[in-house]
Structure formats: structure tokens, C-alpha cells
Amino acid sequence: MSLELLLFLILALIAIASALGMLLSRHAVYAALFLVLNFATVAVFYLLLNAPFIAMAQITVYAGAIMVLFLFVIMLLGTEVLPPSPVLPWQRPLAFLLALGLLAESVYLLFFRQRLTLSLPATIDPFSGPKAIGQALFTGYLLPFEITSILLLVAMVGAILLTRKER
Amino acid sequence: MTAADFSLFLPLAVLLIWATVLLIVDLFIPKERKGWTASLSALGLALTLFLSLRQWGETASGFGEMLRVDPFATFINALLLLSGLGGVLLAYGSIRRHGVERGEYYTLLLFSVSGMMLMAQARDLILLFLGLELLSIPLYVLAAFALPRLDSEEAGLKYFLLGAFASGFFLYGTALLYGASGTTLLSGIAQAWSQAGRNLFFLVGAALILVGLGFKVALVPFHMWTPDVYQGAPTAVTGFMAAGAKIAGFAALWRIFTEALPGLAPDVTPILWALSALTMLLGNLLAIAQKNVKRMLAYSSIAHAGYILMAFVPFGVPQVRDVALAAGLFYLITYAITNFGAWAVVSALERQAGQGLELDDYAGLGSKAPALALAMTVFMLSLTGVPPTLGLIGKFYLFRSVIEAGFYGLAVLGVLTSLISAYYYLRLVVIMYMRPGEPQPVANPWLNLTWGAMAILTVLFSLIPAPLFWWASQSVLR
């Protein structure tokens, strides 16, 4: 068993456990923290896949910015503990059926279609590096990049306009 | 980025920078002098229009083929910038009266116009998507601009949620086309199509993009949001949205399908046929039941999306394609002029926000304000397609090109639905002239200018349509 596989298995266990923990915890702050752990684990997956830029983006954007916002909202609203939700009678059987379907699909894909006829073009080697991405953004994709900045400005102005209290 | 790239981008860059600077300048303009913001935004639009018209006749691509300047783009840009000017006029004449005057209105409008222009010029799906969002996000905010009013909030939220959903469709389609061809450039997709041939990814991707844009231009299965949003949004916003978003959406639709997926014509034509037929039928039939003028005009705008789409149905028939597209472009002018006029009249009768919008509020307008009633009559006749108005000429060109392409059923349907529409358009005219009432129209010079000029143009261009049609036929995508 290679080191890489071992690492993958450990990370996979952590990822699944943290996802379950997020689903099962009744305390919203715990759930959010489990989600942070999950995001961080996925970021390490990206590192394993030789994609350092996406890994860092995953940590700064998802685990960092978005989750901090989540926590802010949870704490500001003061709904840390969820009230016990009413049990829907059809929920469990439906979940069971759907899970079974998913299992069947993955078993089929993993064991019966070994040779997937999908041939993706190989990515350019430093494709995932920050240098390559920066170069693409500021040369080939300069115009979309600039338009995106305008778009974010407009969205921000709009959000402020709609939420500001009239003096 | 080279100097050549920049000269292509110049009009758009000027508009974007102007809007950004205006956002700051507006902070220093006192609240009771927002007329300055309005005039500055109009000046920016006029300047961009001048720069854009200077590109007339030029055909070039820049930014690695992403941005295109051709007669088609220049034509659509001019139409969009004029719509923006119409939107500013309409707003300046009404938003203070409706208590929603804030300087950001005009900047958001400028940003929206630049998004629309981007949609007309982009030859890359990523850029097209950004244009679509830059068009939509300011419109979501503008729809909710009369904020404490519930129906305006509802309009904004509804438009936002459904619009985000539609953007998702567009993006998913983009992803599939990218997956099938390995590029987001329209020319690259066309190349990949000719190599790979017919495959499922292209078909599904094109269908999803059609859904996303169909939402923006309010084609029938995707029209649900239109009446509520048009009714709830401030009237000035509705007038601008009805013209601008439609023009930009159709421009993008035309460019994507003719430049990236011309080989898809046999598959897409029946779908377009059905969409066009359904849109004309349902839009006109549902308009009959409306009591509120804004809702009636909303359904009328849905129906007109069907007419405009008609011009696109024969895009797979090479000898008719150009004529049909020219007819479609001509109809866009017709629609924009008539639309602004009609919304200006609606705005003039809306003394307070949300008041005076029922059909019965128009009773007695013929004797109380004869000029206003006459203008509204002209617009209603033009929307129906009765001489001597521009609407007739527009529909004539449309139906003729569809018949030339051999789609007789569609032409017959177009004529029949126009007959149906006569019922509710002329009902408003009858109410204005035949029923007694005490309407109290507002005499605002800017509104008067809008509806007056539009009424004159509607009649004038119907008498001499040749220059306009010549311009449209020079602007066809090749």
C-alpha cells in the first residue's frame, strides 16, 4: 500500500466523518465547524491531485470567507440550537431508496465499467499553478476579468441600496 | 491588450468608466438636485452613442476574438443606447413623483446598458455570461427600487430568484458546449461542431442556452415572471426593461446560434417555430383578461417576443436568412419606439405610484387630454399593426420573410394573433374616447417629450420606412 493511498484513505475517512457530523449535529455552530473541517480536507485532496492553486482558493474562499460569514449569521440570528423538526413519514423510506440507487450506480461504475471510454485532453502541466492562472487572467482573459470587477461593484452597490435604511 | 483591441472596446469602456465615476459624483449632488445626475448619465449615453456610431461599417475582433465590432453590434448598440436615453427620460419624468428618486438609479441604468452592449458584442460564452449578469443585476435592483412598497419588493425578489435560475441554465449550457468543443469562443464551437458532427452535448447545451435567454426575453414557457415583475417594478424601470433586456437577449440569441451553431438549424428550427407560435398565442390570449394596464402591456410584450422570434425561425434557410434577420432588427426598432411611447403614457397617468393603472382610469382621456389620448391611440394601433403606424410595416416585413422561407403556418398564426390582439388594444382606445371619466394626467415636460416624440416617430417612420429598413439590412450578421 503506497503512502499516497494511505493518505487518501485517512483523508477520505475524515471527509466522510465531518460531512456526517455536519448533518447530524443539532447545534448550528458545530455543524458549521464540521463543514470547515470538510472543506479543509477537500483542499488537501486538491493538493494530492497536484492542484495547489485550487487548494488554496478552497481554503481562503470556502473555509475562510464563506464559513466566517455563515458563523456570523448564525450567531447574529441567535439560532444556534435547532428546534426538533417534525418527522416526515415518507422521508426515511425515500432516503433509503435514493441511497440504494446511488449505491447501485457507484457499484456499476466502479466494477462493471472499468474501461471508461472517456478521454480527456491532458491539462498543461503547470495548469494548476498560480503563475499559469495569473497569466491566463491577465492576458487571454483580461476583458472578462475586468468585467467581473465591474459586476462585483454593481452587486455591492445594489446590495447596499436595497438594505440601507432611509434617513 | 493592443491599441487596436482598445479602440474596439472604446465605447463600452467609456460607458463603464462614466458610470463608475458618476457613482462617486452623485454622492456630492444634493438630494433635491438629482436632475444633474440624470443629465450627466444622459450625456454619458450620448457620448457612447457617438463613439459607437463612429464604428459603423467596421468589422473586427479583439481580445483574442472575444469582442466583436460589426454592423450588427453597432446597430444593436445604437438601439440599446437610445433605449437607455429613453429610460433616463422616462425616469426623470416620473421617479420623483413616485417618491423613489435616488441618484443610484441612473448609474445602475448605465451599468445595465453596458451589460446589454456586451451581450451584443461578445463572441465568447464567458463574456456573454458576464454581459447577461451585468444586464440583470442592476435590473433586479431597479425592479425593487421603490423599496418600502411591497409589490416592488416582490417584483425585485421574483425577478432575482427566477433570473438566477435562468442564469444557471445558461451557464450549464455553456459548460456543456465547452465540454463538447474545448473552447468557449463561438468560432471555436462552430469549428468543433463541423469536426465532431451532431452529438448530444451540442444539442443539450444549445437547448439550455435557449432556455436561459428565453427567460430574459420572456418567451412563453419561461414567461411566468413577466406580468408580476412588470407590474410591481416602478413604471420607468418597466419601460426600460421591456425594451432593453429584450433587444440584448435577442441579439445574444442571434449571435450564438448563427455564429456558433449554424449546423444545428434542422434541429432547432421546429423548436423555435413552436416557441414563437406558443408565445404569440398565449401572450395575446392572456392579455385579453387583464384589467391593469401594466399587466396588459406585460402580456403584450410577451406576445411581441413571439413576433420577434419569428424572424429567427428561418435561420437555417440560407437565401431567406438575411432578409428575415433584417426584418427582425426592423421589428426591434418598431417595438422599442412604440414601447417607450406607451410606457410614457402609462407613467403620465400614474399620478402616484400604483394609482391610475386600471383600464377604467383611462375613461374620458379623449376629451380631457386629447393629445395624450391621440398618442396612446397611435401606440395601440402600432402594437396591433394597423396603418398608418410603424407596427404595420414591421409585421409586414416579418410575415413576408417567414412566408418566403415557407413557414406559412407561422405567418397565418401571426396574422390571426394580431387580430386577437386588436380586441384588447382597441378596447383601451374605446375606453379612452367613449366612456366618461375624470382622468388626471400629469403634465411633465420630459414625459410629454417622450410620448410626443415617439408618437411622431411611429407615424413618420411608417410613411418612410425605407432608410430604417436599409440600415437594418446592412446590419445583418454574416
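Everything numeric in this text was worked out from a predicted model, so none of it was measured.

(A) Broad picture of the nonpolar core. Ranked by size, the top nonpolar core spans 181 residues in total, and within it Ile-76, Tyr-105, Trp-254, Ile-256, Phe-257, Leu-261 and Tyr-362 of chain B carry the most contacts. Ranked by residues supplied to this core, first place goes to helix H13 (residues 318–349) of chain B with 20 residues. Taken domain by domain, this core gets at least three of its residues from each of domain 1 (1–165 + 220–255) and domain 2 (277–478) of chain B. Of all hydrophobic cores here, the second largest spans 9 residues; its members include Ala-28, Ala-32, Phe-39 and Leu-71 of chain A.

(B) Quick peek at the pattern of salt bridges. Residues and elements named next belong to chain B. If you walk through the whole model with that rule in mind, you get 13 salt bridges over all chains. We note a salt bridge from Lys-368 to Glu-438, for which the minimum N-O separation is 3.4 Å. In this pair, Lys-368 is assigned in helix H14 (residues 365–368) and Glu-438 in the loop between helix H17 (408–434) and helix H18 (445–463), connecting sequence segments 70 residues apart. Lys-368 gets classed as partly exposed once you look at its relative accessible area, which sits at 45%. With relative accessibility at 65%, the residue Glu-438 sits in the exposed group. A network of salt bridges, in which partner residues are shared, links Glu-65, Arg-68, Asp-70, Arg-123, Arg-255 and Glu-259.

(C) Expanded view of the side chain of Thr-74 of chain B. Residue and element names in this part refer to chain B. Note on placement: Thr-74 falls in helix H3 (residues 71–94). Taking the relative accessible area as the measure of exposure, Thr-74 reaches 2% and is therefore buried. Thr-74 has contacts with Ser-52, Leu-53, Gln-55, Trp-56 and Val-69, leaving out every residue within four places of it along the chain.

(D) View of the confidence of the model for chain A. For chain A, the mean per-residue pLDDT works out to 82, and 84% of the residues sit at or above 70. Taking the mean pLDDT of every element in chain A, the minimum, 83, falls on helix H5 (residues 130–138) of chain A and the maximum, 92, on helix H6 (residues 142–163) of chain A.

(E) Structural detail: the domain arrangement of chain B. Residue and element names in this part refer to chain B. Per the domain assignment, the segments making up chain B are domain 1 (1–165 + 220–255) and domain 2 (277–478). Here the C-alpha centroids of domain 1 and domain 2 sit 22 Å apart. If you look at the interface, domain 1 gives 40 residues, while domain 2 gives 44 residues. Of the roughly 3900 Å² buried where domain 1 meets domain 2, counting both sides, 74% is carbon and sulfur surface. Counting the surface domain 1 buries against domain 2, the share from its top three residues, Phe-75, Val-220 and Trp-254, is 20%.

(F) Geometry of unusual backbone geometry. Residue and element names in this part refer to chain B. Here the residue pair Pro-387 and Pro-388 is connected by a cis peptide bond, since its omega of 0° sits within 30 degrees of zero. Along the chain, Pro-388 turns up in the loop between helix H15 (370–384) and helix H16 (390–404). The backbone of Phe-63 shows a phi angle near 55°, a positive value even though the residue is not glycine. Within the secondary structure, Phe-63 sits in the loop between strand E1 (60–62) and strand E2 (67–69). Taking relative accessible area as the criterion, Phe-63 reaches 9% and is therefore assigned buried. Positive phi values are uncommon outside glycine, yet Ala-218 reaches one of about 65°.

Calculation rules
- Residues take numbers from 1 onward in each chain, read along the sequence in its written order.
- Following the order in which they are written, the chains are lettered starting with A and the ligands numbered starting with 1.
- Predicted model: local features are reported for residues with pLDDT of at least 70 only, side-chain atom pairs are reported and counted for 80 or more only, and whole-chain, interface and lining totals are derived from all residues.
- Hydrogens and water are ignored here; the side-chain numbers use all heavy atoms of the structure.
- To form a nonpolar core, buried Ala, Val, Leu, Ile, Met, Phe, Trp, Tyr and Cys residues must be joined to one another through side-chain atoms within 4.5 Å.
- Using a 1.4 Å probe on the protein chains alone, a residue whose accessible area is under 20% of its type maximum counts as buried, one over 50% counts as exposed, and one in between counts as partly exposed.
- Numbering goes from the N terminus for both helices and strands, where a helix is a DSSP run of H or I of at least four residues and a strand is a run of E of at least two.
- The source of the domain bounds is an automatic or database domain assignment.
- The rule for a salt bridge is simple: a side-chain nitrogen of Lys or Arg has to be within 4 Å of a carboxyl oxygen of Asp or Glu.
- Any pair of residues with heavy atoms lying within 4.5 Å of one another is described as a contacting pair.
- Residue-level confidence of the predictor is what pLDDT reports, using numbers from 0 through 100.
- Defined in terms of a 1.4 Å probe, buried area is the accessible area two parts forfeit on being brought together, summed over both.

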